[in-house]
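Coordinate analysis (summary)
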Amino acid sequence: MQVMIKLGSRDHKQLFCRSFLDTYLDYEPENLPWPDLDPVSLERLRGIPFWREALLTESEAGVMVSAFAETITDPLIKEAVALQGREEHRHARLLRHLIKRYDIEMSPLPEITVPDQIETAFTDFGFGECLDSYFAFGMFDLARQAQYMPESIFKIFDPILDEEARHIVFFVNWVTYLHIQQGWNLEGLRSFRAFWHYGKALKTLIQAFGGSAADQEGKPFTASEAGHFMDDLTANQFFRTCLDANHQRMQRFDKQLLQPLLMPRLSKLALTCLRLWPSRDPVPSVQRG
């Protein structure tokens, strides 16, 4: 019988750091098997409206996470966070290569600077990434089911989403470990603190659904442009797909590691409400146009 590790312990730290470090995938974005796209697929790719926001998010993340790693004194955690910083930089390089290869028009990015409150910035980013990645997993599966792009494009981005899953699992374990080390030993107090951070992230996420293009800068791009892929989807399809996609990504991790649970729980609640008040409208198919 496996003995469960104690949260906040040295064994916990070893598990979430080593799990992250040992699953690193070595590749160079420029050497991936980028396909030549047919005119329809190329038009669709160029028409996706969030490339600039995606590149800005990843570029800012790479700078911020790498800078935060330099402030950490624990050697193992420092190594893991530094690796995440390199992966965030690599995501930005991948997007730059995609934008250049497929001639996607995009205005220049602003100058990126290191935040003053670097640990707060890393924490806010982590909670926001937990929410944004959840929707990214679902949107990726929806677009794949609709055959919105050739399968060769989805195969390139599959491991990128796996890396995002690694990031958020590492984060929720790191932040729990940190809070326990700071004396927040009661689970209820840690949950309250986490909900406060999630509240900030949710506020940004909700705001991302409205406003002008200029207002969207720096907001979660997967949420702010969700309607681009889901014009003909029901709420039930959306929440179910997000739940299933999240489960597929998360089931690969050690069962002793904590996982982000807020959005799966809210999705299950939403599905329960939808069952209580079912729509009489027929379920539409995913729009492929």
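Residues numbered from 1 in each chain as written. Predicted model: local features only at pLDDT ≥ 70, side-chain atom pairs only at ≥ 80, totals over all residues. Heavy atoms only, no water.

1. Here we look at helix H6 (residues 151-181)
The end-to-end C-alpha separation of H6 is 45 Å, in line with the 45 Å expected for 31 residues at 1.5 Å each. Positioned one or two residues after H6, Gly183 has a phi angle of 100°, which is positive. (Helix = DSSP H or I, 4+ residues; strand = E, 2+ residues; numbered from the N terminus. Expected span 1.5 Å × (residues − 1).)

2. Observations concerning the packing of helix H9 (residues 235-250) against helix H10 (residues 262-276)
For any two helices packed against each other, one specifies the crossing angle of their axes together with the interaxial distance. Relative orientation of the contacting elements H9 and H10 amounts to 145°, with a least axis distance of 10 Å. Crossing geometry of H9 relative to H10 is assigned as left-handed. Here H9 contributes Ala235, Asn236, Phe239, Arg240, Leu243 and Asn246 to the contact with H10, which in turn contributes Pro264, Ser267, Lys268, Ala270, Leu271 and Leu274. Here the contact of H9 with H10 is built from residues that sort into seven nonpolar, three polar and two charged. (Axes fitted to C-alpha atoms, helices over the stretch in contact; angles between N-to-C directions. Left-handed = near helix turned anticlockwise from the far one by under 90°. Contact = heavy atoms within 4.5 Å. Nonpolar A, V, L, I, M, F, W, Y, C, P; charged D, E, K, R; others polar.)

3. Examining H9
In this model H9 runs 22 Å from its N-terminal to its C-terminal C-alpha over 16 residues, within 8% of the 22 Å that 1.5 Å per residue would give. Where H9 is buried, its residues contact helix H5 (118-145), H6 and H10.

4. Topic: the pattern of salt bridges
By the definition in use, this model includes 13 salt bridges. We note a salt bridge from Glu30 to Arg93, for which the minimum N-O separation is 3.3 Å. Here Glu30 is found in the loop between helix H1 (10-22) and helix H2 (39-47), whereas its partner Arg93 is found in helix H4 (residues 75-101), with 63 residues between them in sequence. Taking relative accessible area as the criterion, Glu30 reaches 39% and is therefore assigned partly exposed. (Salt bridge = Lys/Arg side-chain N within 4 Å of Asp/Glu carboxyl O. Buried < 20%, exposed > 50% of the residue type's maximum accessible area, 1.4 Å probe, protein only.)

5. Some details on the nonpolar core
Ranked by size, the top nonpolar core spans 66 residues in total, and within it Trp51, Val81, Tyr102, Phe157 and Trp174 carry the most contacts. Counting residues per element, the ones that place at least two in this core are H1, H2, helix H3 (51-69), H4, H5, H6 and H9. Excluding its chain neighbours within four sequence positions, the residues that come into contact with Tyr102 are Trp34, Pro35, Leu37, Leu42, Leu45, Arg46 and Ile153. Formed by ten residues, the second largest nonpolar core is a distinct cluster that contains Phe238, Leu262, Met263 and Leu271. (Core = buried A, V, L, I, M, F, W, Y, C linked by side-chain atoms within 4.5 Å.)

6. Re the confidence of the model for the chain
Interpretation of this model should avoid reading the predicted coordinates in detail wherever pLDDT is low. For the chain, the average pLDDT comes to 84, and 78% of its residues sit at 70 or higher. Helix H8 (residues 221-224) is the least confidently modelled element of the chain, averaging 46 in pLDDT, while H4 averages 98, the highest of any element. This stretch, residues 280-289, has a pLDDT under 50; its non-local contacts, to residues over four places away or in other chains, come to 16 contacts. (pLDDT = per-residue confidence, 0-100.)

7. Things to note about the environment of Gly128
Within the secondary structure, Gly128 sits in helix H5. Judged by its relative accessible area of 22%, Gly128 falls in the partly exposed class. For Gly128 and Ile168, which are 40 residues apart along the polypeptide, the C-alpha to C-alpha distance reads 9.5 Å.

8. Here we look at the packing of aromatic side chains
Enumeration over the complete set of coordinates arrives at 15 aromatic pairs. Ring centres 5.8 Å apart and planes at 65° place the aromatic pair Phe16 and Tyr177 in the edge-to-face group. Within this pair, whereas Phe16 is found in helix H1, its partner Tyr177 is found in helix H6, the two being separated by 161 residues in sequence. On the numbers, 6.3 Å between centres and 65° between planes, the contact of Trp34 with Tyr102 is edge-to-face. On the criterion of sequence distance, the pair formed by Trp34 in the loop between H1 and H2 and Tyr102 in the loop between H4 and H5 is long-range, its members being 68 residues apart. The pair Trp34 / Tyr102 is uniform in exposure class, with both members buried. Linked through ring pairs, Phe68, Phe122, Phe127, Phe171 and Trp174 together constitute an aromatic cluster. The ring centre of Tyr27 lies 3.6 Å from the NZ or CZ of Arg90, which sits over that ring. (Phe/Tyr/Trp six-rings, centres within 6.5 Å; stacked < 30°, edge-to-face > 60°. Lys NZ or Arg CZ within 6 Å of the ring centre and 35° of its normal.)

9. Here's the deal with the packing of H3 against H4
Relative orientation of the contacting elements H3 and H4 amounts to 155°, with a least axis distance of 8 Å. Viewed along their axes, H3 and H4 adopt a mutual orientation that is roughly antiparallel. The interaxial crossing formed by H3 with H4 has left-handed handedness. Its residues assigned to classes, the contact of H3 with H4 comprises 14 nonpolar, seven polar and five charged. (Parallel < 35°, antiparallel > 145°, perpendicular 65-115°, else oblique.)

10. Considering the environment of Glu129
Considering the arrangement of structural elements, one finds Glu129 in helix H5. Among the residues examined, Glu129 registers a relative accessible area of 9% and is labelled buried.

11. What to know about the environment of Leu274
Within the secondary structure, Leu274 is located in helix H10. Here Leu274 falls in the partly exposed class, since its relative accessible area comes to 29%. Once the C-alpha coordinates of Leu274 and Asn236 are considered, the two residues, 38 residues apart in sequence, prove to be 6.9 Å apart. Excluding anything up to four places from it in sequence, Leu274 contacts Ala235, Asn236 and Phe239.

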